[in-house]
Amino acid sequence: MIDFPDWFVALMFAAVALGAAVPVSGPLAVVGYLRGSRHRYWNGLWYWAWSTLLSTAIITACMLLDIFWCAAVLDWGLLWLLTWFLMPHAQRDRIRRPAPAQPQPMPYAGWPR
């Protein structure tokens, strides 16, 4: 059996947790940008930062509870659900009920007159 030092195991746990946390934080950063009024980019960065920390905490808790097999599903499911409920109502309604397609104009098919 290979015996790894404690710092290496902690580093691997952090790499796995952050590797799973960063992709799911992107949609929450977009929601933060959409919800911002004055400083949209800073608001998006703030949403990305706290969602990354929340995701890392969920995955770390799953690792420590030895339920790592459901960590990604639990983490992604909870944060996407949070994304849906934090999304502004106008964008949420646009996703649920898209605008009907408008008829396209007919191209001109003849000689200029």
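All values reported here derive from a predicted model rather than from experimental measurement.

S.K.: Would you mind showing me how to read the overall build of the chain here?
M.R.: Per the secondary structure count, the chain includes four helices and zero strands. Beginning at the N terminus, the succession of helices and strands in the chain can be written as α-α-α-α. In terms of C-alpha radius of gyration, the chain reaches 22 Å, well past the compact-globule figure of 13 Å for 113 residues. Here the C-alpha coordinates of the chain stretch approximately 85 × 35 × 25 Å along the principal axes. Considering only contacts within the chain whose residues lie at least 6 apart along the sequence, 57% involve residues at least 24 apart. When the accessible surface of the chain is totalled, it reaches about 8800 Å², and 72% of it is carbon and sulfur. Counting 8 positive and 5 negative side-chain charges, the chain places the centres of these two groups 35 Å from one another.

S.K.: Looking at this structure, how should I read helix H1 (residues 6–35)?
M.R.: Residues lying three or four places apart along an α-helix face the same way, a consequence of the helix completing one turn every 3.6 residues. A rise of 1.5 Å per residue sets the reference length of H1, with its 30 residues, at 44 Å; its end C-alpha atoms lie 42 Å apart and thus fit the reference within 8%. Roughly 35° is the biggest bend found in H1, and it falls at Gly-26, with proline Pro-27 one to four residues downstream. Along H1, the residues classified as buried are Ala-17, Ala-20, Ala-21, Val-24, Ser-25, Leu-28, Ala-29, Val-31 and Gly-32. In this fold, the buried residues of H1 make contact with helix H2 (40–64) and helix H3 (71–86).

S.K.: Quick question: what am I supposed to make of the pattern of salt bridges here?
M.R.: Should the charged atoms of two oppositely charged side chains come close, the side chains can pair. Evaluated as defined, the whole model comprises two salt bridges. A salt bridge links Arg-96 to Asp-93, with the shortest nitrogen-to-oxygen separation between them at 3.1 Å. Of this pair, Arg-96 and Asp-93 both sit in helix H4 (residues 89–96), three residues apart, which is roughly one turn of that helix. The exposure class assigned to Arg-96 is partly exposed, which follows from its relative accessible area of 48%. Here Arg-97 makes a salt bridge to Asp-93, at a shortest N to O gap of 3.8 Å.

S.K.: Help me understand H3, please; the structure alone is not making it clear to me.
M.R.: End to end, H3 covers 22 Å across 16 residues, agreeing with the expected 22 Å (1.5 Å per residue, within 8%). Looking only at H3, the buried set comprises Ala-71, Asp-75, Leu-79 and Thr-83. Across the axial projection of H3, the buried residues extend over an arc of 80°, all falling on one side. When the buried face of H3 is taken as reference, the exposed residues oriented beyond 90 degrees from it are Val-73 and Phe-85. Where H3 is buried, its residues contact H1 and H2.

S.K.: Looking at this model, I keep getting lost on unusual backbone geometry. Mind explaining?
M.R.: A negative phi holds for most residues other than glycine; trans holds for most peptide bonds. Its identity is not glycine, yet Asp-66 carries a phi of approximately 60°, on the positive side. Among the structural elements, Asp-66 can be located in the loop between H2 and H3. Owing to a relative accessible area of 65%, Asp-66 belongs among the exposed residues under this scheme.

Cut-offs and rules
Residues numbered from 1 in each chain as written. Predicted model: local features only at pLDDT ≥ 70, side-chain atom pairs only at ≥ 80, totals over all residues. Heavy atoms only, no water. Helix = DSSP H or I, 4+ residues; strand = E, 2+ residues; numbered from the N terminus. Rg over C-alpha atoms; globule rule 2.2 N^0.38 Å. Contact = heavy atoms within 4.5 Å. Areas by Shrake-Rupley, 256 points an atom, 1.4 Å probe, with all protein chains shown as cover. Lys, Arg positive; Asp, Glu negative; His and termini not counted. Charge placed at Lys NZ, Arg CZ, Asp CG, Glu CD. Expected span 1.5 Å × (residues − 1). Bend = angle between axes of the 7 residues up to and from the residue. Buried < 20%, exposed > 50% of the residue type's maximum accessible area, 1.4 Å probe, protein only. Salt bridge = Lys/Arg side-chain N within 4 Å of Asp/Glu carboxyl O. Arc of directions from axis to C-beta.

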